[in-house]
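Analysis of the macromolecular model
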Amino acid sequence: MAEQARDDRFDHLFASTVRERLDGGGYGSSASPAAEDAVPLTYGFPYPESFPTAELVAATETVLEEEGADVLQYGGGEYVERLHDGLLAREHDRGIDATRDELIVTNGATYALDAIASTFLDPGDEVLVESPTFVWSLAVLDNRSAELTGVTLDEDGLDPDALEATLDAREAAGEATPKLLYTIPEFQNPTGATLTRERRERVLELAAEYDFLIVADDAYGELRFGGESPPPLAAMDDAGRVIRVGTVSKTIAPGVRTGWIVADEALADQIGTMAAGGTNTFTQSVLGRYFDAGHYQPTLERLLEGYETRRDAMLDALERHLPPGSSWTEPEGGFFLWVTLPEGVDAEDMLPLAAEEGVTYLPGERFFVGDGGRQPAAEPVDDRTGGKRSARLSFSHCTPEELDDGIAALARATEAYLE
Ligand SMILES: Cc1ncc(COP(=O)(O)O)c(C=O)c1O
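These numbers were taken from a predicted model, which means no experiment stands behind them.

Within the chain one finds 13 helices and 14 strands. Along the first, second and third principal axes, the C-alpha set of the chain runs to 65 × 55 × 55 Å. Residues classed as buried in the chain amount to 55% of the 419 residues present. Look at the contacts in the chain between residues 6 or more apart in sequence, and 75% of them connect residues 24 or more apart. Element-wise, carbon and sulfur atoms account for 48% of the exposed surface of the chain, whose accessible area totals about 18200 Å². For the chain, the distance from the average site of its 32 positive side-chain charges to the average site of its 80 negative ones is 2 Å.

What follows is the structure, encoded as C-alpha cells:
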C-alpha cells in the first residue's frame, strides 16, 4: 500500500526545533515492527498486576469524602501536604534531609526535567549526558535546542575520567563549560548500571571544579533487589549542586503522573516559577492519602519480589538461549538490562527478523547522542556498552514465561541473522 504523504500545510508555522525533525529523526523513537504476537521487551512499563488498584480506589474515596471541595479546587487541601510529608520522609530514609522549600511536586519526572531544562537552558547551551542514556530525556533537552555531548558509561556508571577529559578538552578549546550534567545514577536506563560511591565523589568534585549542576534522575533507586545501595548523589552533596528528580511511576503507577524535584532552595525557587500550568493536585491528594494510610512500603515490597523474579527469569533465559559471543549486564534492580550480541549483528537491522521470530526490543544505537542530536551515534562503539550490536531489554512488563519465550526468539533471530 502506498504511504500517504505528510500534510505540510502548516509547516511554516512550526517552531524551528519542530521543523527540523518533520521528516523523521529526533530522539525518542520507540518504533518497533508491528508484531502482535511478539514478546515486547521494548517498553519500560510496569507489569499490569503491579498496580495497587484497590489501595488507590480506597484512597480516592477517602479524599473525596473527607475533603470534597478542597481536593477538586486549585491548590488542593490537606492531603496534598500529606504527600509532601510522605515524599520528604522517603527522601530522609535515603539520607536526604530536604525541607519543604526544597521540594517541588511535579506531573512526573519528565515534567520535572522539562521544568529544569527551561530554568537553566538557553538554545545552544551545553549539557553532558551519559552515553547511552534514556532517549526521552534526550528529547526533552533537545526540545530546548541544547547541545548534547555524550560521556562514556560502563558497568560502574558514568566514567569520571571520561567526564574530566571532556571538560578539560572543552576548556582547552575555549568552549563554554556545560551548565548541566544529566545522569541516571541508579539502575540506569538503558544499561541497568549503578554509579559506584567512588565515582559519585569524583563527579561531585568535578561539578564544583568546573561549575556545573548535576541533574540526578532517580527513577529506579527504590527498586533494588540485591547488593548495597551507594548513597544518592544528593546525600553526598554539601554544595547544593545536585538537582534530584524522583517519580512514583515505577513504585506506584505511571498513570498517576506524579514526580518531584529536590534542589537547593535558591534553585528550587526558580524551578518552581518555570513549572507552568500547575500540577495535578487531585492525584496528589489521592497519593497523600495513599502514603498516610501506609500503602507505599507494602506495595513496594510486593513489587520488589515481582521485578526480582522477572530479572532472574531473564538472566536465566539469556544464559540458556543466547549464542556464544553474547554478553549482558546483571543489574541489581530497576527495569532493564543491556545485551550485546555476537560480532556481526546490527540490532537495528535485525529487528524485523526478531519480530518475525517473536520478540521486539529497543536497538542500542537509539540511546546514543548523535550528529546534531538527531542521528544515532556516527561510530557506535562495539564494546560491552556499545551501540550497534546492543539492545535494551526490559524485564519489567512481561511474565517470566513470556520473558523466556522472548529470549529464545532473540536467540533464534540472532542465529538466523548471522547465517
Ligand atoms: C530514567 C527515567 N527517567 C524518567 C522516566 C519517566 O518518568 P515519569 O513517568 O515520571 O515521567 C523514566 C521512565 O521510563 C526513566 O526511565
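Having seen the structure, we can now continue with the description.
What follows deals with the pairing of strand 8 (residues 242-247). For strand 8, a buried count of six out of six residues is recorded, marking the element as mostly surrounded by other parts of the structure. Residues Val242, Arg244 and Gly246 point to one face of strand 8 and Ile243, Val245 and Thr247 to the other, with burial holding for every one of them. Looking at chain direction, strand 7 (residues 213-217) and strand 8 are connected through four bridges and run parallel. Along strand 8, the bridge assignment pairs Ala216 with Arg244. Relative to strand 9 (residues 259-262), strand 8 is paired through four bridges, and the arrangement is antiparallel. Bridged to Thr247 within strand 9 is Gly259.

Quick look at the packing of helix 4 (residues 109-120) against helix 9 (residues 265-274) now. One can describe the packing of helix 4 onto helix 9 by two numbers: an axis separation of 8 Å at closest approach and a directional angle of 105 degrees. When the axis of helix 4 is compared with that of helix 9, the two are roughly perpendicular. Here Ala115, Ile116, Ser118, Thr119 and Phe120 of helix 4 come into contact with helix 9, specifically with Leu267, Gln270, Ile271 and Met274. Grouping the amino acids of the contact of helix 4 with helix 9 by side-chain chemistry returns six nonpolar, three polar and no charged.

Spatial ordering of the open sheet is given by 10-11-14-13, a layout of four strands whose pairing is antiparallel. Each of the sheet's edge strands pairs with one partner strand only, and the pair in question is strand 10 (327-328) and strand 13 (362-363). Direction of pairing for strand 13 relative to strand 14 (residues 390-394): antiparallel, over a ladder of two bridges. Among the inter-strand pairings, Pro363 is bridged to a residue of strand 14, identified as Ala391. Sitting on the sheet, helix 11 (residues 296-321) is in contact with strand 10, strand 11 (336-340) and strand 14, with an inclination near 10 degrees to strand 11.

Moving on, we get to the site of the ligand. Taken together, 13 residues surround the ligand, and among them Ala109, Thr110, Asp217, Tyr220 and Thr247 come closest. Between an oxygen atom of the ligand and a side-chain N or O atom of Lys250, the distance comes to 2.9 Å. Separating an oxygen atom of the ligand from a side-chain N or O atom of Arg257 is a distance of 2.8 Å. Here the ligand, which alone exposes 400 Å², has 91% of that area covered by the protein. Split into classes, the residues belonging to the shell around the ligand amount to five nonpolar, five polar and three charged.

Right, let's talk about the side chain of Glu67 for a bit. Considering the arrangement of structural elements, one finds Glu67 in helix 2 (residues 53-72). Although Glu67 lies buried, it forms no salt bridge, and the closest oppositely charged side chain, Arg82, sits 7.4 Å away as judged by the N-O distance. One polar contact links the side chain of Glu67 to the main-chain amide nitrogen of Tyr79, over a distance of 3.4 Å. Apart from the residues lying within four places of it in its own chain, the contact partners of Glu67 are Thr62, Gly77, Glu78 and Tyr79.

A contiguous patch of negative charge, built from Asp101, Asp264, Glu265 and Asp269, is present on the exposed surface. Classification of Asp269 as partly exposed rests on a relative accessible area of 43%.

Glancing now at the pairing of strand 3 (residues 126-131). For strand 3, the buried fraction is high: six of the six residues fall into the buried class. Of the pairings in the sheet, the one linking strand 3 to strand 4 (residues 147-154) comprises six bridges and is parallel in character. In the sheet register, Ser131 faces strand 4, and the bridge partner there is Thr152. Note that the unit made of strand 3, helix 5 (residues 135-143) and strand 4 has a crossover that is right-handed. Here three bridges tie strand 3 to strand 6 (residues 180-183), and the two strands are oriented parallel to one another. Its bridge partner being in strand 6, Leu128 is matched across the sheet by Leu181.

Looking at the element boundaries, Glu36 is found in the loop between helix 1 (16-19) and strand 1 (39-40). Taking the C-alpha atoms as reference points, Glu36 and Val359, separated by 323 residues in sequence, lie 9.8 Å from one another.

With 14 residues, helix 7 (residues 197-210) should cover 20 Å at 1.5 Å per step; its first-to-last C-alpha distance of 20 Å lies within 8% of that length. All of the buried residues along helix 7 are Arg199, Arg200, Val203, Leu204, Leu206, Ala207 and Tyr210. The buried side chains of helix 7 occupy one side of the element, clustering within an arc of 160 degrees when seen end-on. Facing away from the buried side of helix 7 by over 90 degrees, the exposed positions are Glu198, Glu205 and Glu209. Taken from the residues just after helix 7, Asp211 is the one with a positive phi, measuring 60 degrees.

A few words now on the pattern of salt bridges. For the structure on display, the rule yields 31 salt bridges. Here Glu186 and Arg200 are joined by a salt bridge, their closest N and O atoms 3.0 Å apart. Of the two residues, Glu186 sits in the loop between strand 6 and helix 7 while Arg200 sits in helix 7, which places them 14 residues apart along the sequence. Of the two residues, Glu186 and Arg200, both sit in the buried class. Residues Arg366 and Glu348 are paired through a salt bridge, measuring 2.7 Å at the closest nitrogen-oxygen approach. In this pair, Arg366 is assigned in the loop between strand 13 and strand 14 and Glu348 in helix 12 (residues 347-357), connecting sequence segments 18 residues apart. What makes Arg366 buried here is its relative accessible area of 16%.

Parameters at a glance
Residues numbered from 1 in each chain as written. Predicted model: local features only at pLDDT ≥ 70, side-chain atom pairs only at ≥ 80, totals over all residues. Heavy atoms only, no water. Helix = DSSP H or I, 4+ residues; strand = E, 2+ residues; numbered from the N terminus. Buried < 20%, exposed > 50% of the residue type's maximum accessible area, 1.4 Å probe, protein only. Contact = heavy atoms within 4.5 Å. Areas by Shrake-Rupley, 256 points an atom, 1.4 Å probe, with all protein chains shown as cover. Lys, Arg positive; Asp, Glu negative; His and termini not counted. Charge placed at Lys NZ, Arg CZ, Asp CG, Glu CD. Pairing = 2+ DSSP bridges. Axes fitted to C-alpha atoms, helices over the stretch in contact; angles between N-to-C directions. Parallel < 35°, antiparallel > 145°, perpendicular 65-115°, else oblique. Nonpolar A, V, L, I, M, F, W, Y, C, P; charged D, E, K, R; others polar. Near = heavy atom within 4 Å. Polar contact = N/O pair within 3.5 Å; in protein donor to acceptor, adjacent residues only side chain to side chain. Salt bridge = Lys/Arg side-chain N within 4 Å of Asp/Glu carboxyl O. Patch = residues over 30% accessible without salt bridge, like charges linked within 9 Å, V, L, I, M, F, W, Y side chains within 5 Å. Right-handed = clockwise from strand over helix to strand, strands pointing away. Expected span 1.5 Å × (residues − 1). Arc of directions from axis to C-beta.

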